[in-house]
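Understanding the architecture of this molecule
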Amino acid sequence: MSSGTFLLDGKTVSFRPGESILDAARKNATDIPTLCFLRGTTPTGACRICLVEVKGMRTLSAACSTPVSPGMEVLTDTPRVHAARKLNVELLLSSGRHDCLLCESSGNCKLQELAYRYQIDGSLFKKPDQFYPTEDANPLIVRDYSRCILCGRCVQACNELVVNRAISHGYRGAKSKIVTGGDAPYHQSECVFCGQCVEVCPTGALTEKKAKGTARAWETKKIRTTCPYCGVGCQMWLHVKDDRIVKVTAAEGAAPNRGRLCVKGRFGYDFIYSEERLKTPMIRENGQLREASWDEALDLVAAKLKETIERHGPDAIAGVSSARSINEDSYQMQKLFRSVIGTNNIDHCART
Ligand code: SF4
Ligand code: SF4
Ligand code: SF4
């Protein structure tokens, strides 16, 4: 349902009730750059990169948090808008230690992209002498405060997308920083290590520890797949270099996870390279496991099931299917138990 029309860069366009200037502009293929904006969360207008001119307003407005109203006249690409965005990028860049050459996020950094787009030379402001020390006491996430631009995307993601409420803005002024509860390190907080904050961080402030030094963003190819860990079936991207997975990120907007992943799906991918993985069935004999062929193992299982049914009846047997199986496998498992073995003792681990 349209709420009326407004002028966007001189063109009459329609908008829906409650739509922001940014939403309406994107719908009409008008580019407005953003940094702190995170789809699916409440806009904060923190970074001031999406500034636009609204006729009749003295100051520039943040497109992400300004609702459109009928008859409004919005200009997204004027010298004044350009100069303000450039200044704000320059301020953000000078607030930290942005030595892209050494940064894990180089090539995948919104700030780097904007600095290039607005041709920042980095000479305007003095950088702070000191930063909070980098936090890397946990095995999964590195938090480098010197690259944090306080955009708040991580806070929005933790509070509004995954609703874990483990991080927030802390302190004030020059001492501002993103904190976990009680300003404790990640691993001593409420954090469940879903890594959503890492996924949305637009700079190198939050990075995955394991992925460090494994590949530059432009060296990897992305392969879309389904998480193998449980029956939810989250959609994800594998970042692959030389046929090896170096990182996993969520597929944005795709059902059922809509850009979210849990700790297992996001960080648990290296099990596939473990030397300890079972590659063949194992049969226990005299207390020792030995390798066996599939035929041998399945014959043994069938013989044991038959023997148990003959001695104790079919209800002496129970089966639990795995949440890692696809629906069709689980269906076949219950069919085997009900129709072949003759018992209703069948369950699924996801139900417990
Ligand atoms: S966070 Fe971005 S801008 Fe800063 S050093 Fe890393 S790549 Fe460069
Ligand atoms: S890892 Fe997940 S729970 Fe922990 S702070 Fe980040 S978003 Fe919040
Ligand atoms: S850690 Fe990243 S996402 Fe969070 S405020 Fe800093 S730059 Fe933004």
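What you are looking at is a predicted structure, and each value in this text was computed from that prediction instead of being measured. (Residues numbered from 1 in each chain as written. Chains lettered and ligands numbered in written order. Predicted model: local features only at pLDDT ≥ 70, side-chain atom pairs only at ≥ 80, totals over all residues. Heavy atoms only, no water.)

Counting buried positions along helix α4 (residues 153–161) gives seven out of nine residues, so the element sits mostly inside the fold. Within α4, the full set of buried residues consists of Arg-153, Cys-154, Val-155, Gln-156, Ala-157, Cys-158 and Leu-161. Where α4 is buried, its residues touch β7 (167–170), β8 (177–180), α5 (196–200) and β9 (206–208). Phi turns positive one or two residues past the end of α4, at Val-163, with a value near 50°. (Buried < 20%, exposed > 50% of the residue type's maximum accessible area, 1.4 Å probe, protein only. Helix = DSSP H or I, 4+ residues; strand = E, 2+ residues; numbered from the N terminus. Contact = heavy atoms within 4.5 Å.)

As a further point, take the sheet that holds strand β10 (residues 221–226). Pairing is antiparallel in the open sheet, where three strands are placed in the order β10-β11-β12. With partners counted over all chains shown, the strands left at the sheet margins are β10 and β12 (244–250), one partner each. Averaged over all neighbouring strand pairs, the angle between strand axes comes to 30°, with direction disregarded. Here β10 runs beside strand β11 (residues 235–241); their pairing, made up of six bridges, is antiparallel. (Pairing = 2+ DSSP bridges. Axes fitted to C-alpha atoms, helices over the stretch in contact; angles between N-to-C directions.)

The next thing to look at is a nonpolar patch on the surface. On the surface, Leu-87, Leu-91, Leu-124 and Phe-125 cluster together into a nonpolar patch covering about 340 Å² of accessible area. Position of Phe-125 among the secondary structure elements: in the loop between α3 (110–117) and β6 (141–143). Relative accessible area serves as the criterion here: at 30%, Phe-125 is assigned to the partly exposed category. (Patch = residues over 30% accessible without salt bridge, like charges linked within 9 Å, V, L, I, M, F, W, Y side chains within 5 Å. Areas by Shrake-Rupley, 256 points an atom, 1.4 Å probe, with all protein chains shown as cover. Salt bridge = Lys/Arg side-chain N within 4 Å of Asp/Glu carboxyl O.)

Looking now at the packing of aromatic side chains. Summed over all chains, the structure comprises four aromatic pairs. Arranged with centres 6.0 Å apart and planes meeting at 35°, the rings of Tyr-186 and Phe-193 form a pair that is tilted. Judged by its relative accessible area of 2%, Tyr-186 is buried. The exposure class assigned to Phe-193 is buried, which follows from its relative accessible area of 14%. Taking NZ or CZ as reference, Arg-224 lies 5.6 Å from the ring centre of Trp-237, over its face. The ring of Tyr-273 has Arg-244 lying over it, and the distance from NZ or CZ to the ring centre is 3.8 Å. (Phe/Tyr/Trp six-rings, centres within 6.5 Å; stacked < 30°, edge-to-face > 60°. Lys NZ or Arg CZ within 6 Å of the ring centre and 35° of its normal.)

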